[in-house]
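# Survey of secondary and tertiary structure
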Amino acid sequence: MGMQIIVCIKQVPDTAEIKRVQINPETGTIIREGIPSVVNPLDEYALEEAVRIKEKQGGKVTVLSMGPAQAEDALRKGLSMGADEAILLCDRAFAGADTLATAYTLSAAIKKIGRFDLILCGQQAIDGDTGQVGPSLAEQLHVPQVTYVNRVEIEGQNLRVRREVEGGYEELHCPLPALLTVVKGINEPRIPTFSSLAEAMEREIHIWTAGDLGAEADRLGLEGSPTWVVRIWTPEVRRNGQVIENSPAEAAQKLASFLKQKGILS
Amino acid sequence: MGIQIDKDKCTGCGRCLAVCPFGCMEVVERKAIIKEGCTVCGACRDVCEFEAVAIERGSSRGTPDIEKYSGVLVFAEQHQGKLKDCTLELLGAGKKLADKLQQELAAALIGSEVDMLCPPLFAHGADKVYLFQDEILKFYHTDPYAAAMTAVIAQQKPSIVLFGATTTGRDLAPRLAARLRTGLTADCTELEIEDESGLLMQIRPAFGGNIMASIKCSNYRPQMATVRPKVMKKPVPDILRRGEIIRIEGKINPKTIRTKVIQVIETMDQIVNLEEAEIVVSGGRGLGKAENFHLLEELAKSLGGAVGASRAAVDAGWKPHSFQVGQTGKTVCPKLYIACGISGAIQHLVGIQTSDMIVAVNKDPEAPIFKVADFGIVGDLFQIIPELTQVVREFKGDNGSGECER
């Protein structure tokens, strides 16, 4: 039957394209209009790793996302990269979910999918930057987790993984089924070919609603979220620094004096 | 206790015995019973196919007996018997919160043979240390640490729990929050207590650093947060300060630890590791090729700092990903960040904006990096950086200190 792999992905605003975020003063929410959406870059590494494992071991890759209807685009990208099936969890009841409620919703979907050997997630999403959904999902599915993974080898029913930690690496053994969150550098995600993109456009995306999941309603969306955003604002990142343009020797001297004055060079 | 076994549903299958991290379950007359030592961690409920185990936990209505939760608990991260700096920073931040609430500050110290770390925890502000020692806890593994923290939290019932936003804290905290069914806020840069409610206001950057968000967790306890290293200031230690050590008696069942660390590799190619460095010298596209990084390595060495790289430099293959600073790489918070040949895309700025001081060297006067720099030099980095290295070396030489203090 091969490896059954589930990849959880998120569609995010392409923050690299943002000059300055606008906040709607009335609702206190971010104005997303005009900001292009992309598959969370770190999730592409998870997708690529899943497809590579499948290509080596046989099996099936299911790509799963929770989001609005337009998140279908992200799932199609997953299909074009080699995923076999795509499921979108889409329901107003899911809206406003924090990481706990998101992971709960994903866990309910994965229980509905049934058997799995491996779940792969990107280390974090570039909009929320929390990195919490992966471990929370692992806990809710009662499987072991390894985070910050930059190498995966499959040894029968076990994984040998390398984890990027402060100042070095850890190598771990981890039994299957398991959940891994991966970092950039684990692989080089493929660029889908034109024909694979065209083919992905034709494929069916399964849409599951809250009713399909058989989940506890009070654990979904805003209602199921322990944390609430009270206020958001745009920080002033500009610093009023001096900018000089001198000969290299002079510039180096001036900078050194500045660092001495600030007590950094001592 | 908040855990019950429904004797009508229990079949005595014994699966819960196998997963209990504390070995405190037994099957008597074909029914599971819970013995002394239960931490209400929930492993038995999770594995029960017959839904015979019920735990009173949060629902949408929140955590029951919320008013019984009090005090601030800091996860005292240690590595091979040495406390991480972020632990001390968290004690400083936690003390302020505890004082404002007029509640106690405690530390959860988990490991093997780590008793000697209690005095520094007291010296930095802890009133109590919850000490959980077991040989099995020598290296960090998610499963036993989550079990040990659950035990500490069950005993102390803290209102607030803080972790460093390190690879350990960010691995452990979300697992634990899911188990306790409570809220968790990642990567906070500021924490305060709201005046009237006494709730923890958790402030963090999001959306690629484009926004700041203030988050609270009103109805669930504990209120949990990971805090970005080096943002909070370390308190001045008072070595005469004493506190109470509370030993948590518990033996973790080795069979419940699923992952196993087989090797720890310290990379030698970095003089100092990036996240902990006081000075970081980073290079970007402007360096042109991998070999040119030696200019930055020389400067970093003279300053006693570490070398980093922008996404462009990593994508070009000049440095491995472990060097990358910015959104899909590392967040740094040094005293001094020197950006060389880095234009300053928002995804890079996110990773450096909490640095005390930012210096930029770039040939393009319009580069966005200059907007966030405290000191900018427009010019050719290939000339400026060697000059600067020379000036620093001369200064250090004159000073006789050789290396910058860390």
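Read on for an overview of the structure. (Residues numbered from 1 in each chain as written. Chains lettered and ligands numbered in written order. Predicted model: local features only at pLDDT ≥ 70, side-chain atom pairs only at ≥ 80, totals over all residues. Heavy atoms only, no water.)

This next bit is on the interface of chain B and chain A. Counting residues at the interface gives 92 residues for chain B and 84 residues for chain A. Along the contact surface separating chain B from chain A lie 4 salt bridges. Across the pair Asp171(B) and Arg163(A) runs a salt bridge whose closest N-O atoms are separated by 3.9 Å. In this assembly, chain B and chain A are joined by 33 residue pairs in polar contact (both at pLDDT 80 or more). When residues of the side of chain B that touches chain A are assigned to their parent elements, the largest contribution, 9 residues, is made by helix H11 (residues 381–399) of chain B. (Contact = heavy atoms within 4.5 Å. Salt bridge = Lys/Arg side-chain N within 4 Å of Asp/Glu carboxyl O. Polar contact = N/O pair within 3.5 Å; in protein donor to acceptor, adjacent residues only side chain to side chain. Helix = DSSP H or I, 4+ residues; strand = E, 2+ residues; numbered from the N terminus.)

Here we take up the sheet that holds strand S13 (residues 242–244) of chain A. Across the sheet, which stays open at both edges, the 6 strands sit in the order S13(A)-S22(B)-S21(B)-S20(B)-S18(B)-S19(B) with parallel pairing between neighbours. Edge positions in the open sheet fall to S13 of chain A together with strand S19 (306–309) of chain B, since each of these has one partner strand only. Neighbour-to-neighbour, the strand axes of the sheet open up by a mean angle of 15°, direction not taken into account. In this sheet, strand S22 (residues 375–378) of chain B lies alongside strand S21 (residues 357–362) of chain B in parallel orientation, the contact comprising 4 bridges. Bridging from a neighbouring strand, Asn362(B) pairs with Val378(B) of S22(B). Lying on the sheet, helix H7 (residues 248–261) of chain A is in contact with S13 of chain A together with strand S20 (336–340), S21 and S22 of chain B; it crosses S22(B) at an angle near 175°. (Pairing = 2+ DSSP bridges. Axes fitted to C-alpha atoms, helices over the stretch in contact; angles between N-to-C directions.)

Our next topic: the pattern of salt bridges. Throughout the structure, instances matching the rule amount to 37 salt bridges over all chains. One salt bridge in this structure joins Asp84(A) and Lys54(A), with 3.1 Å as the shortest N-O distance. Linking Asp84(A) in the loop between helix H2 (72–80) and strand S5 (85–89) with Lys54(A) in helix H1 (residues 41–57), this pair joins segments that are 30 residues apart in sequence. Between Glu194(B) and Lys216(B) there is a salt bridge, and its shortest N-O distance comes to 3.3 Å. Taken together, the residues Glu194(B) in the loop between strand S12 (190–193) and strand S13 (200–206) and Lys216(B) in strand S14 (residues 211–216) connect sequence positions 22 residues apart. Exposure remark for Glu194(B): the relative accessible area of 24% places this residue in the partly exposed category. Several salt bridges share partner residues, and in doing so they unite Glu48(A), Arg52(A), Glu55(A) and Arg190(A) into one network. (Buried < 20%, exposed > 50% of the residue type's maximum accessible area, 1.4 Å probe, protein only.)

All names here are of chain B. Taking 1.5 Å of rise per residue, 17 residues should cover 24 Å, and helix H3 (residues 85–101) covers 25 Å from first to last C-alpha, within 8% of that figure. A large share of H3 lies buried, amounting to 12 of its 17 residues. Within H3, the full set of buried residues consists of Cys86, Thr87, Leu88, Glu89, Leu90, Leu91, Gly92, Ala93, Gly94, Leu97, Ala98 and Leu101. Gln102 lies just past H3 and shows a positive phi near 55°. (Expected span 1.5 Å × (residues − 1).)

Within the open sheet, the 10 strands sit side by side as S11(A)-S5(A)-S4(A)-S1(A)-S6(A)-S10(A)-S7(A)-S8(A)-S9(A)-S17(B). Their pairing is mixed. The open sheet terminates on both sides in strands that have one partner only, identified here as strand S11 (206–208) of chain A together with strand S17 (260–266) of chain B. Mean inter-strand twist for the sheet, computed between neighbouring axes without regard to direction, equals 30°. Of the strand pairs in this sheet, strand S1 (residues 3–9) of chain A and strand S4 (residues 59–66) of chain A are connected by 7 bridges, and their pairing is parallel. Its bridge partner being in S4(A), Ile5(A) is matched across the sheet by Val61(A).

Residues and elements named next belong to chain B. Of the two faces of S19, the one lined by Ala306 and Gly308 and the one lined by Val307 and Ala309 are each fully buried. Sheet topology note: the strand S18 (residues 279–283)/S19 ladder contains 4 bridges and is parallel. Looking at S19, one finds that Gly283 is bridged to Ala309. Following the chain from S18 across helix H7 (residues 293–303) to the adjacent parallel S19, one finds a crossover that is right-handed. (Right-handed = clockwise from strand over helix to strand, strands pointing away.)

This next bit is on the packing of H2(A) against helix H5 (residues 194–202) of chain A. Residue and element names in this part refer to chain A. Taken N-terminus to C-terminus, the directions of H2 and H5 make an angle of 125°; their axes are 8 Å apart at the nearest point. As the angle between them shows, H2 and H5 are arranged oblique. Crossing angle aside, the handedness with which H2 passes H5 is right-handed. Between H2 and H5, the contacting residues are Arg76, Leu79 and Ser80 on the first element and Ser196, Leu197, Ala200 and Met201 on the second. (Parallel < 35°, antiparallel > 145°, perpendicular 65-115°, else oblique. Left-handed = near helix turned anticlockwise from the far one by under 90°.)

Once that is clear, we can look at the environment of Ile248(B). All names here are of chain B. Mapped onto the elements, Ile248 comes out in the loop between strand S16 (244–247) and S17. For the pair Ile248 and Glu89, spaced 159 residues apart in sequence, the C-alpha separation works out to 24 Å. Those residues in contact with Ile248 that sit more than four places away from it in its chain are Tyr130, Leu131, Phe132, Ala151, Val152 and Gln155.

With that settled, consider the side chain of Asp14(A). Within the secondary structure, Asp14(A) sits in the loop between strand S2 (11–13) and strand S3 (37–39). One buried charged residue, Asp14(A), forms no salt bridge at all, with the nearest opposite charge on Arg311(B) at 6.8 Å. Non-local contacts of Asp14(A), meaning those with residues more than four positions away in its chain, are made with Ile35(A), Pro36(A) and Val38(A). (Lys, Arg positive; Asp, Glu negative; His and termini not counted.)

On to the pairing of strand S3 (residues 31–34) of chain B. Residue and element names in this part refer to chain B. Summarising the sheet, strand S2 (residues 25–28) and S3 pair through 4 bridges and their orientation is antiparallel. In the strand pairing of S3, Val27 is matched with Ala32. In sequence, S2 turns back onto S3 through a hairpin of 2 residues, with Glu29 there showing a positive phi of about 50°.

All names here are of chain B. With their axes 10 Å apart at the nearest point, helix H5 (residues 142–156) and helix H6 (residues 169–180) run at an angle of 55° to one another. Looking at the two axes, H5 sits oblique to H6. Here H5 runs over H6; the crossing is right-handed. When H5 is examined against H6, the residues Thr142, Tyr145, Ala146, Ala147, Met149, Thr150 and Ile153 are found in contact with a partner set consisting of Asp171, Leu172, Arg175, Leu176, Arg179 and Leu180. Counted by class, the contact of H5 with H6 contains 8 nonpolar, 2 polar and 3 charged residues. (Nonpolar A, V, L, I, M, F, W, Y, C, P; charged D, E, K, R; others polar.)

Now for the packing of aromatic side chains. Counted according to the given criterion, the structure contains 4 aromatic pairs over all chains. Between Phe258(A) and Phe375(B), the aromatic rings sit 4.8 Å apart at their centres with planes inclined by 40°, giving tilted as the arrangement. Pair noted here: Phe258(A) is in helix H7 and Phe375(B) is in strand S22, and the two residues belong to different chains. In this pair, the class of Phe258(A) matches that of Phe375(B), namely buried. (Phe/Tyr/Trp six-rings, centres within 6.5 Å; stacked < 30°, edge-to-face > 60°.)

The next point concerns unusual backbone geometry. Cis rather than trans, the peptide bond between Leu176(A) and Pro177(A) has omega equal to -5°. Mapped onto the secondary structure, Pro177(A) falls in the loop between strand S9 (168–175) and strand S10 (178–182). Cis peptide bonds are those with omega within 30 degrees of zero, and the linkage from Arg221(B) to Pro222(B) qualifies with -10°. Here Pro222(B) shows up in the loop between S14 and strand S15 (223–227). At Arg30(B), a position not held by glycine, the phi torsion is positive, near 60°. Looking at the element boundaries, Arg30(B) is found in the loop between S2 and S3. Even without being glycine, Lys157(B) reaches a positive phi, approximately 50°.

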